[in-house]
Amino acid sequence: MKQAIKLTVLSLLLSASFSLTSCGNSTTSESQEETTETTDLTPQQQRTLKGLKAELERVKKQLPMPLADGLTLKSMEIKDGFMVTTCTYPKGEEMEVLDNPETKAAIIRSVGPTAKRLKDINMGIKYIYQEEGTDNIQTLTITPEEI
């Protein structure tokens, strides 16, 4: 239960840090990979993706960001069809990521309108948790179909 609460708190903090603007203007240049990534999207989906990328860039400027329960937000990126969030937790702390429907539903609810925007562009959510100073990694993946 404690782990599920941590995940929900993290999701709430991330959704708040996004400020959930709709389709903001991005001044970043697109790489070849990003151009290829958007070619299969409708113009509306491309605007949604561009807005999400702009929001991610604003969040990245604030990283690393301390979160609740000793978690630290280290990075956020769009990669391989997912919005990937990487956090660390203190070395020696036991943390078990509960990868179950209840936890995923709580995360989707807490992410709010951003979850719908991700689903609209067929993108999922992935959280990566790494114990500080170790190679211990746990991942929670929510596919677009689960959103």
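A quick note: this is a predicted structure, and the numbers were derived from the prediction, not measured. (Residues numbered from 1 in each chain as written. Predicted model: local features only at pLDDT ≥ 70, side-chain atom pairs only at ≥ 80, totals over all residues. Heavy atoms only, no water.)

Participant: Please explain the overall build of the chain as it appears in this structure.
Facilitator: A count of helices and strands for the chain gives five helices and five strands. Start at the N end of the chain and walk to the C end: the helices and strands fall as α-α-α-β-β-β-α-α-β-β. Burial statistics for the chain: of 147 residues in total, 44% are counted as buried. Within the chain, residue pairs in contact and separated by at least 24 positions form 65% of the contacts whose partners lie at least 6 positions apart. (Helix = DSSP H or I, 4+ residues; strand = E, 2+ residues; numbered from the N terminus. Buried < 20%, exposed > 50% of the residue type's maximum accessible area, 1.4 Å probe, protein only. Contact = heavy atoms within 4.5 Å.)

Participant: Is there a simple way to explain the nonpolar core in this structure?
Facilitator: The biggest cluster of nonpolar side chains holds 30 residues, and the ones touching the most others in it are L73, L118, Y127, Y129 and I147. Of all the secondary structure elements, the ones that give two or more residues to this core are helix 3 (43-60), strand 2 (72-79), strand 3 (82-89), helix 4 (101-111), helix 5 (113-120), strand 4 (124-131) and strand 5 (137-142). With four residues, helix 3 is the single largest residue contributor to this core. (Core = buried A, V, L, I, M, F, W, Y, C linked by side-chain atoms within 4.5 Å.)

Participant: I'm lost on the pairing of strand 2 in this one. Help?
Facilitator: Two faces belong to every sheet, and in a regular strand the side chains alternate between them. Pairing of strand 1 (residues 65-66) with strand 2, which is carried by two bridges, proceeds in the antiparallel orientation. By the bridge assignment, P66 is partnered in strand 2 with T72. Connecting strand 1 to the next strand, strand 2, in antiparallel fashion are five residues, including D69 with a positive phi near 55°. Where strand 2 lies against strand 3, seven bridges are found, and the strand directions are antiparallel. Among the inter-strand pairings, L73 is bridged to a residue of strand 3, identified as C87. What sits between strand 2 and strand 3 in their antiparallel hairpin is a turn of two residues, with D80 showing a positive phi close to 55°. (Pairing = 2+ DSSP bridges.)

Participant: Explanation requested: the sheet that holds strand 2 in the structure shown.
Facilitator: Pairing between the strands of a sheet is mediated by backbone hydrogen bonds and can be parallel or antiparallel. Taken in spatial order, the five strands of this open sheet run 1-2-3-4-5, and their pairing is mixed. Two strands in the sheet have a free side with no partner beyond their single neighbour: strand 1 and strand 5. Bridging between strand 3 and strand 4 involves eight bridges; their strand directions are parallel. What sits directly across from M83, in strand 4, is I125.

Participant: Looking at this structure, how should I read the pairing of strand 3?
Facilitator: Of all eight residues that make up strand 3, eight are buried, and the element is covered over most of its length. Burial of the side chains of strand 3 extends over both faces: F82, V84, T86 and T88 are buried on one face and M83, T85, C87 and Y89 on the other.

Participant: I tried to follow the packing of aromatic side chains on my own but got confused; where do I start?
Facilitator: One pair of aromatic rings is described through two measures. These are the centre distance and the angle between the planes. Considering all chains together, one arrives at one aromatic pair under this definition. Both rings, one in Y127 and one in Y129, keep their centres 6.2 Å apart while their planes meet at 20°; by these two values the pair is stacked. Lying across the ring of F82, K126 places its NZ or CZ 4.9 Å from the centre. (Phe/Tyr/Trp six-rings, centres within 6.5 Å; stacked < 30°, edge-to-face > 60°. Lys NZ or Arg CZ within 6 Å of the ring centre and 35° of its normal.)

Participant: Could you clarify how one ought to interpret the side chain of T103 in this entry?
Facilitator: Relative to the helices and strands, T103 is located in helix 4. Of the residues examined, T103 reaches a relative accessible area of 5% and is grouped as buried. One polar contact links the side chain of T103 to the main-chain carbonyl oxygen of L98, over a distance of 3.2 Å. (Polar contact = N/O pair within 3.5 Å; in protein donor to acceptor, adjacent residues only side chain to side chain.)

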